[in-house]
There are 2 protein chains.
Amino acid sequence: MDTDQVRGKWDATKGACPTRQVLGRIGDTWTMLVISTLEKHGTLRSGQLKSVIEGITQKMLTQTLRHLERDGVVRRDVLPTVPVTVSYTLTPLGLSLAAAVATMRTWAYDHMDEIAEARDEYDANI
Amino acid sequence: MDTDQVRGKWDATKGACPTRQVLGRIGDTWTMLVISTLEKHGTLRSGQLKSVIEGITQKMLTQTLRHLERDGVVRRDVLPTVPVTVSYTLTPLGLSLAAAVATMRTWAYDHMDEIAEARDEYDANI
DNA sequence: CAGAATCCCAATGGATACTG
DNA sequence: CAGTATCCATTGGGATTCTG
């Protein structure tokens, strides 16, 4: 693993910094929503996620879940019913990520008025 | 303001949720880097930001700073020297955002090995 | 030095139709 | 039901050039 990158040498100003990769993923359109939804409801089936998360398309739901599964954030369980039943659950890693995401969401929520004000003033003084 | 959106009614699963706007911005390529850089160094001039943040282009630096300025996260100061001197500083709002961002970065840093492992295993079982 | 203005390519993501 | 495969519009973002 750490052949060309020694721990402790990571610098956020470098493109390769893993922090950027994680934040980039978090910041995409649907990831945070999927995580938050799973945190709130626990295990959900694909169709349930799709109906709870308003506006998400089949494609983006699947794509987002695949990414999260690959990163070890969600677990995908398949029951061999007919038709097949697929459910998703946050892993322990996913739960800890959900907590961190909640911090950001709380910040956004707490400061939304301040931001809106700043925008209004900025836009007024164009 | 809150004419069609009553406080407390925000739902993260709705596209209009301000949380998503903020997270979306945080997640873009350069915003987090600019914030972290300003947090680390304090006030910086445009050129300094450009040389510290490796790989950023003139266009993206300016664009990112404009967004942050509009949201009240950074303050832009112009000194009427010749040629003009422009410096950027995090506002109190920006400092609190930097702290929240640091939480995410810490999470990413603490779990990067776990994520890398999960990816390796996932990719192996394709 | 700081930044505005173009041009242009690659990645996101939406809509739709199809498979097991 | 869950997922894949296309097609396509929009956007993000890089390279370059120009101005005060």
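For clarity, every value in this text was computed on a predicted model and none was experimentally measured.

### Observations regarding helix 4 (residues 58-70) of chain A
Residue and element names in this part refer to chain A.
(1) Moving on: Relative to the 18 Å expected for 13 residues at 1.5 Å per residue, helix 4 spans 18 Å between its end C-alpha atoms, a close match to the ideal helical length.
(2) Moving on: Among the residues making up helix 4, those that are buried are Leu61, Thr64, Leu65 and Leu68. For helix 4, the angular spread of buried residues about the axis comes to 100°, placing them on one side.
(3) Moving on: In the core, the buried residues of helix 4 are packed alongside helix 2 (31-41), helix 3 (46-52), strand 2 (74-79) and strand 3 (85-90).
(4) Moving on: With its phi angle positive at about 80°, Gly72 sits one or two positions after the end of helix 4.

### Examining the pairing of strand 2 (residues 74-79) of chain B
All names here are of chain B.
(1) Moving on: Judged from the six bridges that link them, strand 2 and strand 3 (residues 85-90) form a sheet pairing that is antiparallel. If you follow Leu79 over to strand 3, its bridge partner there is Thr85.
(2) Moving on: Hairpin connection, strand 2 to strand 3: the antiparallel pair is bridged by five residues.

### Things to note about the sheet that holds strand 3 of chain B
Residues and elements named next belong to chain B.
(1) Moving on: Here three strands make up an open sheet; going across it, the order is 1-3-2 and the pairing antiparallel. Two strands bound the open sheet, and with one partner strand each, they are strand 1 (44-45) and strand 2.
(2) Moving on: The strands touched by helix 2 (residues 31-41) are strand 1, strand 2 and strand 3; relative to strand 3, the strand with the most contacts, the crossing angle is about 90°.

### Focus on the UniProt feature "domain: HTH hxlR-type" (unreviewed entry) in chain A
(1) Moving on: Feature annotation in UniProt assigns "domain: HTH hxlR-type" (unreviewed entry) to the following positions: residues 17-116 of chain A.
(2) Moving on: End C-alpha atoms of residues 17-116 of chain A are separated by 32 Å, and the span's content is 65% helix alongside 14% strand.

### Concerning the protein's contact with DNA strand D
(1) Moving on: If you check the shell around DNA strand D, you find 17 residues, and the closest are A:Gly47, A:Arg76, A:Tyr88, B:Thr29 and B:Lys59.
(2) Moving on: Among the atoms of DNA strand D close to the protein, meaning within 4 Å, 63% are from sugar or phosphate groups.
(3) Moving on: A distance of 2.7 Å separates a phosphate oxygen of DNA strand D from a polar side-chain atom of A:Tyr88.
(4) Moving on: Secondary structure elements with two or more residues in the surface near DNA strand D: helix 3, helix 4 and strand 3 of chain A together with helix 4 (58-70) of chain B.
(5) Moving on: Considering every element that reaches the surface near DNA strand D, the biggest residue donor is helix 4 of chain A, with four residues.
(6) Moving on: Residues of the surface near DNA strand D, tallied by class, amount to six nonpolar, six polar and five charged.

### Topic: the relation of the copies chain A and chain B
(1) Moving on: Overlay of chain A on chain B (RMSD 0.1 Å): rotation 180°, translation along the axis 0.0 Å. Here the transformation between the copies is reduced to the relation of a two-fold axis. The C-alpha atom lying nearest the rotation axis in chain A is that of A:Gly27; the distance is 1.9 Å.
(2) Moving on: Interface residue correspondence from chain A to chain B reaches 98%, placing this contact among same-surface, isologous pairings.

### Some words on the interface of chain A and chain B
(1) Moving on: Each partner contributes residues to the interface: chain A has 50 residues there, and chain B has 50 residues.
(2) Moving on: Between chain A and chain B the total buried area reaches about 4800 Å² when both faces are included, carbon and sulfur atoms providing 64% of it.
(3) Moving on: Ranking the residues of chain A by area buried against chain B places A:Arg70, A:Met104 and A:Trp107 at the top, with a combined share of 15%.
(4) Moving on: Counting across the interface, chain A meets chain B through four salt bridges.

### What about the protein's contact with DNA strand C?
(1) Moving on: Close contacts around DNA strand C come from 17 residues, with A:Thr29, A:Lys59, B:Gly47, B:Arg76 and B:Tyr88 the closest.
(2) Moving on: The contact atoms of DNA strand C, taken as those within 4 Å of the protein, divide so that sugar and phosphate hold 70%.
(3) Moving on: At 2.3 Å, a side-chain N or O of A:Thr29 approaches a phosphate oxygen of DNA strand C.
(4) Moving on: A distance of 3.4 Å separates a phosphate oxygen of DNA strand C from a polar atom in the side chain of B:Arg66.

### Quick notes on the packing of helix 2 of chain B against helix 4 of chain B
Residues and elements named next belong to chain B.
(1) Moving on: Look at helix 2 against helix 4: their axes get within 10 Å of each other, and the N-to-C directions meet at 75°. Judged by the inter-axis angle, helix 2 sits roughly perpendicular to helix 4. Counting all contacts with helix 2, which are made through Thr31, Val34 and Ile35, the residues of helix 4 involved are Leu61, Thr64, Leu65 and Leu68.
(2) Moving on: Residues of the contact of helix 2 with helix 4, tallied by class, amount to five nonpolar, two polar and no charged.

Reading the values: rules and limits
- Residues numbered from 1 in each chain as written.
- Chains lettered and ligands numbered in written order.
- Predicted model: local features only at pLDDT ≥ 70, side-chain atom pairs only at ≥ 80, totals over all residues.
- Heavy atoms only, no water.
- Helix = DSSP H or I, 4+ residues; strand = E, 2+ residues; numbered from the N terminus.
- Expected span 1.5 Å × (residues − 1).
- Buried < 20%, exposed > 50% of the residue type's maximum accessible area, 1.4 Å probe, protein only.
- Arc of directions from axis to C-beta.
- Contact = heavy atoms within 4.5 Å.
- Pairing = 2+ DSSP bridges.
- Axes fitted to C-alpha atoms, helices over the stretch in contact; angles between N-to-C directions.
- UniProt positions renumbered as here; feature names shortened; annotations may be inferred.
- Near = heavy atom within 4 Å.
- Polar contact = N/O pair within 3.5 Å; in protein donor to acceptor, adjacent residues only side chain to side chain.
- Nonpolar A, V, L, I, M, F, W, Y, C, P; charged D, E, K, R; others polar.
- Least-squares fit on C-alpha atoms with pLDDT ≥ 70 in both.
- Buried area = accessible area lost by both parts, 1.4 Å probe.
- Salt bridge = Lys/Arg side-chain N within 4 Å of Asp/Glu carboxyl O.
- Parallel < 35°, antiparallel > 145°, perpendicular 65-115°, else oblique.

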